[in-house]
Amino acid sequence: MSSAPPTALAAPADTPQLKALGGPKPMSSLREAVHFALGNRKLVFGISVTVAMLLFAIVGPLLASHAPLAYGGDLAAAPTTHDGYWFGTTLQGQDVFSQFVNGLRLAFIVGALGGGIAAGIGMLVGFTAGYRGGVVDEVLNMLTNVVLVIPTFALLLVIASYLRVRGIMTESVFIGFTSWPWAARALRAQTFSLVSRDFVDLARLSGRSSWKIIFREIAPNMSSYLFMMFILLFGGAILIAATLDFIGLGPSNTISLGMMMQLSVQNAALQLHLWWWFLPPGLAIMAIVGSLYVMNVGLDEVFNPKLREM
Amino acid sequence: MSLHVEDLRVYYRTLAGDVKALDGVSFDVADGEIMGLAGESGCGKSTLGKGLIRLDGRMRYVGGHVVLDGEELPIWDDAAMNDFRFRHVSIVPQYAMSALNPTRKIGRMIHELLRTRGASGNGVQQELERRLELVGLGPDVLGLYPIELSGGMKQRVVMVISTLLDPSLLIADEITSALDVSTQKAVAQTLVEFRDRGFVKSTIVITHDIAVLFQVADTILVMYAGKLAEKAPAEEIVSSPRHPYTRLLISSLPEVGVRHAEQELHGIPGRPPSLLDPPTGCRFRDRCPLATDRCLQEPPWVEEDGRGIACWEAAPVAPAAPSVLVEAR
Amino acid sequence: MLRLEHVSKTYRVGAFGRSKLAAVRDISFDVQPGEVVSLIGESGSGKSTIGRMVLRLLKPTSGSIVCDDAEISRLRRDALKEYYRHVQGVFQDPFSSYNPIFKADRIFGMIHAEFFPRVGADEWNQRVRDALESVALNPGDVLRKYPHQLSGGQLQRLLVARALLLEIRYFVADEIISMLDASTRIDVLNLLADLKSRGLGILFITHDLSLGNYISDTTIILRHGSIVEMGETEKVFGDARHPYTKDLLASVPLVHKKWRTNGTGGADAVAAAANGAAPGTAAPELFLVEEGHLVAAS
């Protein structure tokens, strides 16, 4: 019944209790994070793809030979090296490559702007509600719930019908102002858990003002969480923009990836086998958003020691 | 001999190396004996308690033997220990009362627990109610949620569950630490009651509070930095401690009655050594007022007449008052 | 003098805040400079709430707290900051008192930035070193380290050193040694006694009667947010009158005397009483039983 004791077992992760047992000076947490970051395949993959697309978005429009909305090429031509129509042309003779890189650039702008606005509002609402509690928290909660429940689609239709011209800015702002609730909720919960810690009280005893405490004590403690949240909002904004564009509520003065997909469907590109029209934008959206999410999962593992595969 | 532990070594493996949390510990606990395991944080007492039942997956068994009722416990094998847990060796872990599932009524939780251990049935249910009654909890406790119980009541519920199958060995890990002084007394006395009624054979009580051990334990074992320092019957450890660490520890306890203005007590300066790379020889050497060159060599554990000690400079059987030690610094 | 007069704190609990919970009921006492006052009570007695009200981390629902003739319960912003120059506190969990992602000595930097912005870096560093030495810490051991690299005792001492950098008159010690090892507890307590001899008024909050007896001049026994017995320490411990105080003293585990073996009954009575307080009842009145010794009606 009793077996012979074996030799080494699986190595456990380092924990604060074990450190208290008298471990040596550990690596600073930043160096430790970088060490794990470089070894995490998901993170490396995600960053590589995102950075590659970003570079493409920056450099691409400089390489495009034609303006995105300009007509003039052969109608529905397949990709060719001739005349710079590397991704072929649309049914109306527009340069698909040019539209594509323009759309990529717009996608990043919407992501940054829309995601940034959503993150900003989410932080403002979430931190305030979590730190102050009480009546302030209840009011902000109500506000969050209302915005969460608003049918954004209907709202956008109403806005769209009033505005004669909608630009990328309008779209970004709209996305930013309607996608912050879940971020606010999450940050509020995190703030709650940190506010009860004694170091916040100690900061108050040191005469620190509330906002200083929030941004210098609490926020740095969840810096990894904030970072990951921004990435999610970024990716989410791109996806929402693509969806809005696809159903025709996108910017009216330019062309984006979602709009390319919309036009290609409207013009029956699938049936006409014009694969170069709808495949690049669709794959691009998938690639960007997907790699962002994969990056996030990898980041979670880097920041949270318990999830690391050791 | 109910429990026999011989040269037990349990380390924790970390990124920086092995933390030698328990480094060669040997002792016996007889049937019907309550042994107290005292020491400060990092001394290895919790590791010892959890190691006897193999509760913590981060532990790495390195060597030694544990024999309970004549049978060797396979503490290196998590799966093999499953047959022993709860029936022969049982533990009330630290923070057990905080670990009760808040969404389950007590009765349902116990029922599920017993079913997984293959011990459900009418006889067990009756015994459970009888024992709950014994510790001052009526059977209606089974219909309550954990949040409706006070700390002391939860602790007693956990103790009843742990001893339901009459284990040979009960390990109580810091069961009185988080409690108020009045409930502490009730819970500690419950431990004695369980032993008196034969629900458990031997008990190991792990705590940093020597005063509580004096009240309920028969023997006290003092640990320091992963090794044993001293072992003696409870009254003797308190009235005539021999190991310098024990003596300094006892003399730093402010009893009700001692006032700062009359007599200033002193703690022990310094900190326990790092267990990652412990010093050679006696581990208390750096903080010990009696240390000599001989202490560079590790003192052996010597046991006679029911008292054990690991010290070269230990006082003879009747030491001077502890204040002499303070002045010697 | 730090004086509390008829201070109460009531919380609203339950859905929509329907019911009330009286954490602290009609507390009055004072702390003189150079005096240690112990606030002794079990969990739920309100002792920590009182400490936090004195530190203005909570506002009392009613009553007043006066520090050297200035009423402090309604202070805000700058006036509050002035208050913190004179009153500071240390809490129970040393590891929770530090922001884990920063170095431990950041707490000194905060004081420098908020209270002494015009003091130069060199002079400030010297002041910090002096403060560390006055709490028996070696600057080389504790500066530029992260909290998890230091022990609980060192961290608590650092917090005391931080308080000493301000010209404090009163100090609130909220269970500051309960999470420390036995061998370091006494040394931190002796440090508090040292502060007392320097003229500080100390509010020592604890659940441990032996510690209270060791260090305090005045002892206040709390139960369910109200005072049951208070007075000079020797009188309260030596001649306890209230049955709750007597039960508490009987339950403390001593190292030279065994508990009276009255089974689990006696302790259960105390525990049962601890659970069954009706929140709406008024605080019991205190009667003077002898010079320097007050007891509540039981």
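This write-up is about the structure you can find in this document. (Residues numbered from 1 in each chain as written. Chains lettered and ligands numbered in written order. Predicted model: local features only at pLDDT ≥ 70, side-chain atom pairs only at ≥ 80, totals over all residues.)

Time to look at the overall build of chain A. In terms of regular secondary structure, chain A is built from 13 helices and zero strands. Across the 310 residues of chain A, 42% fall into the buried class. At a minimum sequence separation of 6, the contacts of chain A that also span at least 24 residues come to 70%. (Helix = DSSP H or I, 4+ residues; strand = E, 2+ residues; numbered from the N terminus. Buried ≥ 20, exposed ≤ 12 C-beta atoms within 10 Å, placed from the backbone. Contact = placed C-beta atoms within 7 Å.)

Turning next to the overall build of chain C. Scanning chain C from N- to C-terminus turns up 11 helices and 12 strands. Taking the principal axes of the C-alpha coordinates as reference, chain C spans close to 60 × 45 × 45 Å. The contacts in chain C between residues at least 6 apart in sequence include a share of 65% that link residues at least 24 apart.

We now examine the interface of chain A and chain C. Contacts between the two partners involve 18 residues from chain A, matched on the other side by 20 residues from chain C. Elements represented by at least two residues in the side of chain A that touches chain C include exactly helix 1 (16–20), helix 9 (198–205) and helix 10 (210–221) of chain A. At seven residues, the largest contribution of residues to the side of chain A that touches chain C is made by helix 9 of chain A.

It is worth spelling out the sheet that holds strand 4 (residues 59–68) of chain B at this point. All names here are of chain B. The four strands lie next to each other as 2-1-4-5, forming an open sheet whose pairing is antiparallel. Unpaired on one side and paired on the other, strand 2 (17–29) and strand 5 (71–72) mark the two borders of the sheet. Judged from the two bridges that link them, strand 4 and strand 5 form a sheet pairing that is antiparallel. Within the sheet, the bridge partner assigned to Val67 lies in strand 5 and is Glu72. (Pairing = 2+ DSSP bridges.)

The next subject is the interface of chain B and chain C. The interface is formed by 38 residues belonging to chain B together with 38 residues belonging to chain C. Broken down by secondary-structure element, the contributors of at least two residues to the side of chain B that touches chain C are helix 6 (181–196), helix 7 (210–216) and helix 9 (244–251) of chain B. Per-element tally for the side of chain B that touches chain C: the top contributor is helix 6 of chain B, with seven residues.

Residues and elements named next belong to chain C. The eight strands are arranged 6-7-8-3-9-10-12-11 in an open sheet whose pairing can be described as mixed. One side of each edge strand has no neighbouring strand; the edge strands of this open sheet are strand 6 (87–90) and strand 11 (286–290). Each neighbouring strand pair of the sheet contributes to a mean axis angle of 20 degrees, computed without reference to strand direction. As paired strands, strand 11 and strand 12 (residues 293–296) are joined by four bridges and run antiparallel to one another. (Axes fitted to C-alpha atoms, helices over the stretch in contact; angles between N-to-C directions.)

Moving on, we get to the environment of Ala119(A). Residue and element names in this part refer to chain A. With respect to the element layout, Ala119 can be found in helix 4 (residues 96–132). With 25 C-beta atoms counted inside 10 Å, the residue Ala119 sits in the buried group. Distance from Ala119 to Ala184, taken between C-alpha atoms, is 8.3 Å for residues 65 residues apart in sequence. Ignoring any residue separated from it by four or fewer positions in sequence, one finds Ala119 in contact with Ala183, Met229, Phe230 and Leu233.

What follows concerns the environment of Leu254(C). All names here are of chain C. Among the structural elements, Leu254 can be located in the loop between helix 10 (243–251) and helix 11 (265–275). Residue classification places Leu254 among the partly exposed positions, given that 17 C-beta atoms sit within 10 Å. Here the alpha-carbon distance between Leu254 and Pro100, two residues 154 residues apart in the chain, equals 37 Å.

The next point concerns helix 6 (residues 152–164) of chain C. Between its first and last C-alpha atoms helix 6 of chain C spans 19 Å; for 13 residues at 1.5 Å apiece the expected length is 18 Å, and the two agree. For helix 6 of chain C, the tally of buried residues reaches 13 of 13 residues, placing the bulk of the element in the interior. (Expected span 1.5 Å × (residues − 1).)

This part covers the pairing of strand 2 of chain B. Residues and elements named next belong to chain B. Sheet topology places strand 1 (residues 3–14) next to strand 2; nine bridges connect them, and they run antiparallel. Bridging across to strand 2, Leu8 finds its partner in Val25. If you look at the hairpin formed by strand 1 and strand 2, you'll find two residues sitting between the two strands.

Moving on to the nonpolar core. Counting 153 residues, the largest nonpolar core has Ile238(A), Ala173(C), Leu203(C) and Phe204(C) as the members making the most contacts within it. Here this core gets 18 residues from one element, more than from any other, and that element is helix 4 of chain A. One finds Leu48(B), Leu68(B), Leu164(B) and Ile250(B) within the second-largest nonpolar core, a separate group that totals 95 residues. (Core = buried A, V, L, I, M, F, W, Y, C linked by C-beta atoms within 7 Å.)

Take the environment of Asp166(B) next. Residue and element names in this part refer to chain B. Mapped onto the elements, Asp166 comes out in the loop between helix 5 (151–162) and strand 7 (169–173). A sequence separation of 54 residues divides Asp166 from Ile220, and the C-alpha atoms of the two residues are 23 Å apart. Among all residues touching Asp166, those that are not within four sequence positions of it are Phe199 and Val200.

Located in the positive-phi region is Asp166(B), a residue other than glycine, with phi close to 50 degrees. According to the C-beta neighbour criterion, Asp166(B) is partly exposed, with 16 such atoms within 10 Å. Phi at Ala136(C) is positive, roughly 60 degrees, even though this residue is not glycine. Of note, Ala136(C) is situated in the loop between helix 4 (121–134) and helix 5 (139–142).

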